[in-house]
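This is what each chain is made of:
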Amino acid sequence: MDWMSVIPPLVAIAVVFWKKEVILALALAVLCAEALILVNADVATSYMAPINAIERVVDTAASPGNTRVLIFSVLVGALLAFIRDSGGVTATVNFLVNKGVAKSRKQVGSLTMFTGIAVFIESNLSVLTAGIFARGLFDRFGMSRARLAYIIDSTSAPVCILILLNGWGAFILSLLDAYELPASSASILWGSVFFNFYAIFTLLIVAYTISADKVHGPMAEEEKALTHVEVNQTTEPATKARFMLVPLIIMVLSMIGFMFWTGNGVLSEGSGSKSVLYATALATAIAYGLLLIHKRFTHKEAVEIGFKGMGELLPLVTIVLLSLTLGNSLKVLGTGVFVAGIVGEYLPLVLIVPMLFIAGAIMSFTTGTSWGTFAILIPIGVPLIQSLGLPPSLVIGAILGGGIFGDHCSPISDTTAVSSLAAGTDVLTHVKTQFPYALFAGALTLIAYFVASLVMLG
């Protein structure tokens, strides 16, 4: 059954690239996974796979954490609709351009990246804030939404995994604290920042893309396909910048407050899923209130706009739900553990760290989750540190970087869907245009880990 556990993600990826349909691919992958689970348990019940697939979706949606992600994704649709239809986006763009803050493509890109870095508390919030904020600016300067999706996606996770004063750091510390290590978990984790080559290279490539104002490969083709009509088709007449800026500022500041609140006064121990949901709900309510106070819309009109915005995002919300469901099914199948086994116990010492990076990338790519990859690979990597005397921070950095790399390349990742949602682009377009950049950073990272292993272990 071990080798068969990789069939569902392979089915998903094959259908994605064959039919160019993510929802169908994920649905078939979930069905395939449930069939394998039943076959492994009892051949006579394999015909129940469709029913079990539905129940797996229900169980996934019933999880409090997953439910929060889904509600958050729906609320984002209402928030986007409020600030777009109010004319706040156009007004904000005009304000920034007139003030000279965003008077060129390079400045717009830099502002977007800075916003993503500043909101390092939670990756979804970072992506969402930067994406909503920069949409209108990218349209104004003729830059594709694919470029926006790449910048926010390739900024958020690397920044979160490098700064670590957030839920990511708390989660990884909790995994490390279960082991006897040559140094404290905190010192090892902070040391891994300098060895997280993928996150560092990715941020450098994003900075290059912005400073040089150049895009390559499929992203260049995407930008050539832009037309004046496409760029301006959703533009509303400018009204007041506050319709956009006030909800966004409140969302970011309240997110910090909710992280402290849910963490009992400790930021890094706060619940990311709770905080981002509460912050988004508050921002949506504020946006609605502003529209009524300034008599931009009536209550009935605002409600219709909100539900229309929610409806526009239902396909992406479905993708998020099915991605989470597939991840749960693959966990039952043991796909992650099987993929982790490719590291092997007979590898030369200098190849262990590069192979941990590759294992993390493959696992994250096929399962669509970086956090799940950390949870599986850290218990495999720490015993290698203990038995072979490998540098702890180097090993942890490779595992964390591999998880982020695979997540950036995966068409079945929920992070990919959220980034596409925030930028307002198609999931497959985002995957296709980001892939060459992620692959280049991954190749540089693999070389860096091999050289580091030679220097530190040779």
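Throughout this description, residue numbers start from 1 for each chain and increase along the sequence as written. With the structure being a predicted model, the display of local features is reserved for residues of pLDDT at least 70 and the display and counting of side-chain atom pairs for 80 or more, all residues being used for whole-chain, interface and lining totals. By convention in this description, side-chain values take in all heavy atoms of the structure and omit both hydrogens and water.

An unreviewed UniProt entry lists the protein chain under the name Sodium:proton antiporter, from Alteromonas portus. As stated in UniProt under Subcellular location (unreviewed entry), the record for the protein chain gives "Cell membrane". UniProt positions are given in the numbering used here, feature names are shortened, and annotations may be inferred rather than shown by experiment.

Draft legend 1. Looking closely at the overall build of the protein chain. Secondary structure elements are taken from DSSP: a helix is a run of H or I of four residues or more, a strand is a run of E of two residues or more, and numbering for both begins at the N terminus. Summing up its helical and strand segments, the protein chain has 23 helices and zero strands in all. The globule rule used for comparison is 2.2 Å times the number of residues to the exponent 0.38, while the radius of gyration itself is calculated over C-alpha atoms. In terms of overall dimensions, the protein chain is globule-like: its C-alpha atoms have a radius of gyration of 22 Å, near the 23 Å expected for 458 residues. Any pair of residues with heavy atoms lying within 4.5 Å of one another is described as a contacting pair. Within the protein chain, contacts between residues at least 6 apart in sequence are counted, and of these 77% link residues at least 24 apart. Using a 1.4 Å probe, the Shrake-Rupley method yields the accessible areas, and only the shown protein chains count as cover for residues. If you sum the accessible surface of the protein chain, you get close to 18500 Å²; carbon and sulfur atoms cover 68% of it. Computed over 24 positive and 26 negative side-chain charges, the inter-centroid distance for the protein chain is 14 Å. Lys and Arg are tallied as positive, Asp and Glu as negative. Neither His nor the chain termini are counted. To locate a charge, take NZ of a lysine, CZ of an arginine, CG of an aspartate or CD of a glutamate.

Draft legend 2. Local environment of the state of the cysteines. The term disulfide is used for any two cysteine sulfur atoms that are within 2.5 Å. According to the stated counting rule, one finds zero disulfides in the structure shown. You can see Cys409 has no disulfide; the closest cysteine sulfur is in Cys160, sitting 18 Å from it.

Draft legend 3. Here's a closer look at the packing of helix α8 (residues 145-163) against helix α11 (residues 197-212). Note on method: axes are straight lines fitted to C-alpha atoms, helices fitted across the in-contact stretch only, with angles between N-to-C directions ranging 0 to 180 degrees. Where α8 meets α11, the axes come as close as 9 Å, and the angle between the chain directions of the two elements is 145 degrees. For the pair α8 and α11, the crossing hand works out as left-handed. In this structure, α8 contributes Tyr150, Ile151, Ser154, Thr155, Pro158, Val159, Ile161 and Leu162 to the contact, and α11 contributes Ala199, Ile200, Thr202, Leu203, Ile205, Val206, Thr209 and Ile210. Partitioning the contact of α8 with α11 into residue classes produces twelve nonpolar, four polar and no charged. With the far helix as reference, a near helix turned anticlockwise by less than a right angle produces a left-handed crossing, and one turned clockwise produces a right-handed crossing. Throughout, the ten residues Ala, Val, Leu, Ile, Met, Phe, Trp, Tyr, Cys and Pro are labelled nonpolar, Asp, Glu, Lys and Arg are labelled charged, and all others, Gly among them, are labelled polar.

Draft legend 4. Structural view of the side chain of Thr155. With respect to the element layout, Thr155 can be found in helix α8. Only protein chains enter the area calculation, which uses a 1.4 Å probe; residues under 20% of their type maximum are buried, those over 50% are exposed, and those in between are partly exposed. Taking relative accessible area as the criterion, Thr155 reaches 1% and is therefore assigned buried. For this analysis, a polar contact is any N or O atom pair within 3.5 Å, provided that within protein one partner can donate a hydrogen and the other can accept it, and provided that sequence-adjacent residues contribute only side-chain to side-chain pairs. A distance of 2.6 Å separates a polar side-chain atom of Thr155 from the backbone oxygen of Ile151. Non-local contacts of Thr155, meaning those with residues more than four positions away in its chain, are made with Met113, Gly116, Ile117, Leu203 and Val206.

Draft legend 5. Seen up close, the pattern of salt bridges. For this document, the term salt bridge refers to a Lys or Arg side-chain nitrogen within 4 Å of an Asp or Glu carboxyl oxygen. Considering all chains together, one arrives at six salt bridges under this definition. Across the salt bridge formed by Arg105 and Glu223, the nearest N and O atoms sit 3.6 Å from each other. One end of the pair, Arg105, is in helix α6 (residues 105-118); the other, Glu223, is in helix α12 (residues 218-224), with 118 residues separating them in the sequence. Of the residues examined, Glu223 reaches a relative accessible area of 13% and is grouped as buried. The partner of Asp213 in a salt bridge is Arg147, with the nearest N and O atoms 3.0 Å apart. Placement of the pair is Asp213 in the loop between α11 and α12 and Arg147 in helix α8, with a sequence separation of 66 residues. Look at Arg147 and you get buried, because its relative accessible area is 3%.

Draft legend 6. Local environment of helix α23 (residues 427-457). Two axes define the bend at a residue: one fitted to the seven residues ending there, one fitted to the seven starting there, and the bend is the angle between them. Roughly 40 degrees is the biggest bend found in α23, and it falls at Phe435, with proline Pro436 one to four residues downstream. Where α23 begins, one side-chain oxygen reaches toward the backbone nitrogen of Leu428, 3.1 Å away; that side chain belongs to Asp426.

Draft legend 7. Focus on the packing of aromatic side chains. Pairs were defined over the aromatic rings of Phe, Tyr and Trp, the Trp ring being its six-membered one, requiring ring centres within 6.5 Å. Orientation was assigned from the angle between planes: stacked under 30 degrees, edge-to-face over 60, tilted for the rest. Under the counting rule described, the total for this entry stands at eleven aromatic pairs. Centre to centre, the rings of Phe357 and Phe405 are 5.6 Å apart; their planes meet at 0 degrees, and the pair counts as stacked. Placement of the pair is Phe357 in helix α19 (residues 349-367) and Phe405 in helix α21 (residues 392-409), with a sequence separation of 48 residues. The buried category is assigned to Phe405, whose relative accessible area is 11%. Among the aromatic residues, those joined into a cluster by ring pairs are Phe195, Phe197, Tyr198, Phe201, Phe357, Phe405 and Tyr449.

Draft legend 8. Representation of unusual backbone geometry within the structure. Even without a glycine there, the phi angle at Asn264 is positive, about 55 degrees. By the element assignment, Asn264 lies in the loop between α14 (242-262) and α15 (272-293). One non-glycine residue, Lys295, lies in the positive phi region at around 55 degrees. Mapped onto the elements of the fold, Lys295 is located in the loop between α15 and α16 (299-312). We classify Lys295 as exposed; its relative accessible area is 73%.

Draft legend 9. A look at helix α4 (residues 64-85). Here a helix's expected span is defined as the number of its residues, less one, multiplied by 1.5 Å. Between its first and last C-alpha atoms α4 spans 32 Å; for 22 residues at 1.5 Å apiece the expected length is 32 Å, and the two agree. Gly87 sits one or two positions beyond α4 and adopts a positive phi of about 90 degrees.

Draft legend 10. Molecular detail of the nonpolar core. Formed by 138 residues in total, the largest nonpolar core has its most connected members in Ile161, Ile172 and Phe374. Sorting elements by how many residues they give to this core places α4 first, with eleven residues. What is meant by a nonpolar core is a set of buried Ala, Val, Leu, Ile, Met, Phe, Trp, Tyr and Cys residues, joined one to another through side-chain atoms within 4.5 Å.

Draft legend 11. Broad picture of a nonpolar patch on the surface. Where nonpolar side chains cluster on the molecular surface, the patch consists of Leu351, Ile447, Phe450, Val451, Leu454, Val455 and Met456 and spans about 610 Å² of accessible area. Ranked by residue count, the leading element in the nonpolar patch is α23, at six residues. Mapped onto the elements, Phe450 comes out in helix α23. Owing to a relative accessible area of 36%, Phe450 belongs among the partly exposed residues under this scheme. Patch membership requires over 30% relative accessible area and the absence of a salt bridge. Like charges are linked within 9 Å, and nonpolar side chains (Val, Leu, Ile, Met, Phe, Trp, Tyr) within 5 Å.

Draft legend 12. Here's a closer look at the side chain of Thr115. By the secondary structure assignment, Thr115 is in helix α6. Beyond its immediate stretch of four places on either side in the chain, Thr115 contacts Thr129, Ala130 and Phe133.

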